[in-house]
Amino acid sequence: MSTEPREHRECEELRGEGWTRLLAAARRRLERTGGVIDGDIGLTGPSEAERRTVIGITGRYRPETAKRLAVPLSDLDAYLHDRYGTGLLTTLGRLHGPLRDRPAERADEEARREQAMKSAHSSPLAEQGWFAAWLERIAADGTLTRLVRRGDAPLLDAAVRVLERLPGDRDRPPVHPAGVLPLPVLAEWATGDTKALVPGSPLEQLVLRALAQRTGGDVPRVRAGRRALWESAGAIADDLASQVLVLNIGAEGDTVVCDWLRDAADFGIPFRLTLHQLATDPVVPAARTIFVCENPAVLRAAAGELQDTSAALVCTEGVPSAACHKLLGDAVRAGARLHWRADFDWVGLRITADAVARHGARPWRMTAADYTAALSKGESTPLAGPPAASPWDPELARTIEESGSTVMEERLLPALLSDLTRT
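The structure displayed is predicted, hence computed values, not measured ones. (Residues numbered from 1 in each chain as written. Predicted model: local features only at pLDDT ≥ 70, side-chain atom pairs only at ≥ 80, totals over all residues. Heavy atoms only, no water.)

Draft legend 1. Representation of the overall build of the protein. On a plain count of helices and strands, the protein comes out with 20 helices and 10 strands. In terms of overall dimensions, the protein is more spread out than a globule: its C-alpha atoms have a radius of gyration of 33 Å, far above the 22 Å expected for 423 residues. Taken along the three principal axes of its C-alpha coordinates, the protein extends 110 × 50 × 35 Å. Classification of the 423 residues of the protein by burial places 46% in the buried group. When the accessible surface of the protein is totalled, it reaches about 20,700 Å², and 51% of it is carbon and sulfur. (Helix = DSSP H or I, 4+ residues; strand = E, 2+ residues; numbered from the N terminus. Rg over C-alpha atoms; globule rule 2.2 N^0.38 Å. Buried < 20%, exposed > 50% of the residue type's maximum accessible area, 1.4 Å probe, protein only. Areas by Shrake-Rupley, 256 points an atom, 1.4 Å probe, with all protein chains shown as cover.)

Draft legend 2. Here's a closer look at the pairing of strand β8 (residues 312-315). Side-chain alternation along β8 places A312 and V314 on one buried face and L313 and C315 on a second face that is also buried. Taken together, the 3 bridges between strand β5 (residues 243-247) and β8 define a ladder with antiparallel strand orientation. When the sheet's bridge partners are listed, L247 is paired in β8 with L313. Note that strand β7 (residues 289-293) and β8 share 4 bridges and pair parallel. Each residue of the ladder has a partner; that of V292, found in β8, is V314. (Pairing = 2+ DSSP bridges.)

Draft legend 3. Geometry of the packing of aromatic side chains. Here the structure, examined in full by the defined rule, presents 6 aromatic pairs. Arranged with centres 5.8 Å apart and planes meeting at 85 degrees, the rings of W130 and F131 form a pair that is edge-to-face. As far as burial versus exposure is concerned, W130 and F131 are alike and both buried. What links up through ring pairs into an aromatic cluster is the set W130, F131 and W134. For R214, the ring lying beneath its charged end belongs to W130, and the centroid distance is 5.5 Å. Here the guanidinium or amino end of R341 rests over the ring plane of F344, the centre of that ring lying 5.1 Å away. (Phe/Tyr/Trp six-rings, centres within 6.5 Å; stacked < 30°, edge-to-face > 60°. Lys NZ or Arg CZ within 6 Å of the ring centre and 35° of its normal.)

Draft legend 4. Highlighting the packing of helix α6 (residues 102-121) against helix α7 (residues 129-140). Running from N to C, α6 and α7 cross one another at 170 degrees; their axes reach a closest spacing of 11 Å. Classified by the interaxial angle, the pair formed by α6 and α7 is roughly antiparallel. Taken together, the residues of α7 that come into contact with α6 (itself represented by R113, M117, A120 and H121) are F131, L135 and A139. Grouping the constituent residues of the contact of α6 with α7 by class yields 5 nonpolar, 1 polar and 1 charged. (Axes fitted to C-alpha atoms, helices over the stretch in contact; angles between N-to-C directions. Parallel < 35°, antiparallel > 145°, perpendicular 65-115°, else oblique. Contact = heavy atoms within 4.5 Å. Nonpolar A, V, L, I, M, F, W, Y, C, P; charged D, E, K, R; others polar.)

Draft legend 5. Fine view of the confidence of the model for the protein. Across the protein, the average pLDDT comes to 89, with 94% of residues at 70 or higher. pLDDT under 50 marks residues 169-174. Its contacts with residues more than four places away, or in other chains, come to 13 contacts. (pLDDT = per-residue confidence, 0-100.)

Draft legend 6. The pairing of strand β9 (residues 337-340), seen in detail. Where β7 meets β9, 4 bridges bridge the pair, whose relative direction is parallel. Looking across to β9, one finds that V292 is bridged to W340. In this structure, β9 lies alongside strand β10 (residues 362-363), joined through 2 bridges in parallel fashion. Within β10, the residue paired with H339 across the bridge is R362. With helix α17 (residues 346-359) bridging β9 and the parallel β10, this β-α-β connection has right-handed handedness. (Right-handed = clockwise from strand over helix to strand, strands pointing away.)

Draft legend 7. Looking closely at the pattern of salt bridges. The tally for this structure, following the rule as stated, stands at 24 salt bridges. Here R83 and E13 are joined by a salt bridge, their closest N and O atoms 2.8 Å apart. Of the two residues, R83 is situated in helix α4 (residues 73-84) and E13 in helix α1 (residues 3-14); the sequence distance between them amounts to 70 residues. Of the residues examined, E13 reaches a relative accessible area of 22% and is grouped as partly exposed. Between R21 and E50 there is a salt bridge, with the nearest N and O atoms lying 2.9 Å from each other. (Salt bridge = Lys/Arg side-chain N within 4 Å of Asp/Glu carboxyl O.)

Next comes the structure, spelled out in structure tokens:
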């Protein structure tokens, strides 16, 4: 008998109803064990065709009432050798392609995971708590495994390079005139591809998770929030989208923007400045004492009740933007003194601590006593996110943690407006 008729007969029979589930179970078992022909496979609720096939393979009768049929792999291998001249492994490969060696695949995958993590931990950033926590999270939640399986493990190295090259590190690339780093420049400098950090890209998502870990929050869902997160790290996607809301700061200088600020201050009108304006038409605030709040409601109330009699006020609207840092940094260099406050929550403490470190700001009604007094005046929402320190008043962070409650700065509005009233 020729080889061709035998192979044809093999295909016809082994693709029939009696063999399909049996061979699929054999394939799964062999792929799990790396091709070791040992142990049994089973069929639950066998059909009549499957029962007859098992009887033929094992040479043992199985009643029609049997609910499960077990077949030793060694019997199946011997049967295929005797009938078709090829064993189980060759037969399965001929029917549906080569078997996977899953133990070897798992070992290779684990080796690539370990190599990716080893490379990331060699970064100078590895000593920082937020960096280590970021790596731990992406390893624990399956992100790293998915990258490895897709062949995208190099993205982790790229993300680390981006983080290492954010402003504030040594040997960074040329920056924007306002002192921040454009994302395309950062992407090219870290990866060689100016589009590697476009919104929604896998690399952008990895880096934003690290930045969110560093700030103690979550990656924002909306695009504006993601831009703000980049700006908090000194990188900028759009110098027109980066803005800062001000009231009565005035300006020194003979430029269009300075004229606008003086006019707005004369009438107590809130005004928005973009990073583009601050970079191309430098502004030196005329005010030598500037108050800084987190929520627009405070600035709105000051504009509504105090108008042009309010002290100079800047609103960060959450995490300060690059435009906000540019304006206030220039103001401090010109001799201004900043009085800074934010919400009584972990993010607010981080914002204030950063302002103290970056701009030499003085906390404004941000003491444990201020928090305790405000806490007793209304209901509060539970704290969320990782704890933060309050170096200017360590008791504040301890008191907040003990109470487990946030206090938004709007609750302090009467006191804040009193502070802002010009004498």
